[in-house]
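Spelled out from the first residue to the last, the chains are:
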Amino acid sequence: EYLRDRPAVAVADCMSIPLRDKSCDAAICIAVMHHLSTKERRIRCIEELARVVRVGGMINIQAWAMEQDESSRRRFAGADVFVPFNAQPKYLDKVSQEREQTSGPKINTNDNKSVAEMYSEAYEKADFDERKGL
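Since the structure is predicted, the reported quantities are computational estimates derived from the model, not experimental observations. Starting afresh in each chain, residues are numbered from 1 along the sequence in its written order. With pLDDT at 70 or above as the cut-off, local features in this predicted model cover only qualifying residues; side-chain atom pairs require 80 or more to be listed or tallied, and sums for whole chains, interfaces and linings still use all residues. The basis for the side-chain values is all heavy atoms of the structure; hydrogens and waters are excluded.

(A) Geometry of unusual backbone geometry. Not every positive phi belongs to a glycine, and K22 is a case in point at roughly 55°. Strands are runs of DSSP state E lasting at least 2 residues, helices are runs of H or I lasting at least 4, and numbering of each runs from the N terminus. Mapped onto the elements of the fold, K22 is located in the segment before β1 (24–30). For A31, which is not glycine, the phi torsion reads 60° and is therefore positive. With respect to the helices and strands, A31 occurs in the loop between β1 and α1 (39–52).

Put into structure tokens, the structure is as follows:
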């Protein structure tokens, strides 16, 4: 009964969303696109969002922009960059911490944080304008 009044929420692979075609009124994709490493993967993600959202529905995609406000601390050296990702160890299970230390990205555990270098693509406004919805 508690969930009846709440919207449905799902977490899934953005290139293979486990929902029926046109089954959603809307979809949001926040802080995902800039971590997909190829143009083909980014297009596949957008195609999947379009597949599951009904005609006339809404898709909201948010990604890091090359153009930053003057007050922003984030500056990008280029479109394809590695950025530091800070995760508090209490949120990482022991197995993932051990795997990161042996075969994953370089980790720095100073200040009670695990810091990994994470791939990111920064977009210019024209990148989305040129795609005209795709």
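(B) Up close: the environment of A116. Mapped onto the fold, A116 is located in strand β5 (residues 114–121). Separated by 31 residues in sequence, A116 and F85 have C-alpha atoms that sit 5.1 Å apart.

(C) Representation of the pairing of β1 within the structure. Two strands form a pair only when DSSP identifies at least two bridges running between them. Examined bridge by bridge, β1 and strand β2 (residues 53–62) share 6 bridges and lie parallel to one another. Paired with I30 across the strands is Q62, a residue of β2. With α1 bridging β1 and the parallel β2, this β-α-β connection has right-handed handedness. A crossover gets the label right-handed when its path from the first strand over the helix to the second runs clockwise, viewed with the strands pointing away from the viewer.

(D) Up close: the pattern of salt bridges. Note on definitions: salt bridges are taken to be side-chain nitrogens of Lys or Arg within 4 Å of carboxyl oxygens of Asp or Glu. Under the definition given, this model contains 6 salt bridges. R51 serves as the salt-bridge partner of E48, at 2.9 Å between the closest nitrogen and oxygen. In this pair, E48 and R51 both sit in helix α1, 3 residues apart, roughly one turn of the helix. Relative accessibility thresholds used throughout: buried, under 20% of the residue-type maximum; exposed, over 50%; partly exposed, between the two (1.4 Å probe, protein chains only). Its relative accessible area of 3% is what places E48 among the buried residues.

(E) Structural detail: the packing of aromatic side chains. Within 6.5 Å between ring centres, the rings of Phe, Tyr and Trp (the latter by its six-membered ring) count as paired, and their orientation is classed by plane angle as stacked under 30 degrees, edge-to-face over 60, tilted in between. Enumeration over the complete set of coordinates arrives at 1 aromatic pair. Seen in terms of ring centroids, W64 and F76 are 5.5 Å apart; in terms of plane orientation they differ by 45°. Their pairing is tilted. One end of the pair, W64, is in the loop between β2 and β3 (80–87); the other, F76, is in the loop between β2 and β3, and 12 residues separate them in sequence.

(F) The arrangement of the nonpolar core in detail. M33, C45 and L49 are the most contacted members of the largest nonpolar core, which totals 14 residues. When contributions to this core are tallied by element, the ones reaching two or more residues are β1 and α1. In terms of residue count, the dominant contributor to this core is α1 (4 residues). Contact partners of L49, with chain neighbours within four places excluded, come to I17, A27, C29, I59 and I61. To qualify as a nonpolar core, a set must consist of buried Ala, Val, Leu, Ile, Met, Phe, Trp, Tyr and Cys residues joined through side-chain atoms within 4.5 Å. Contacts: residue pairs with any heavy atoms within 4.5 Å of one another.

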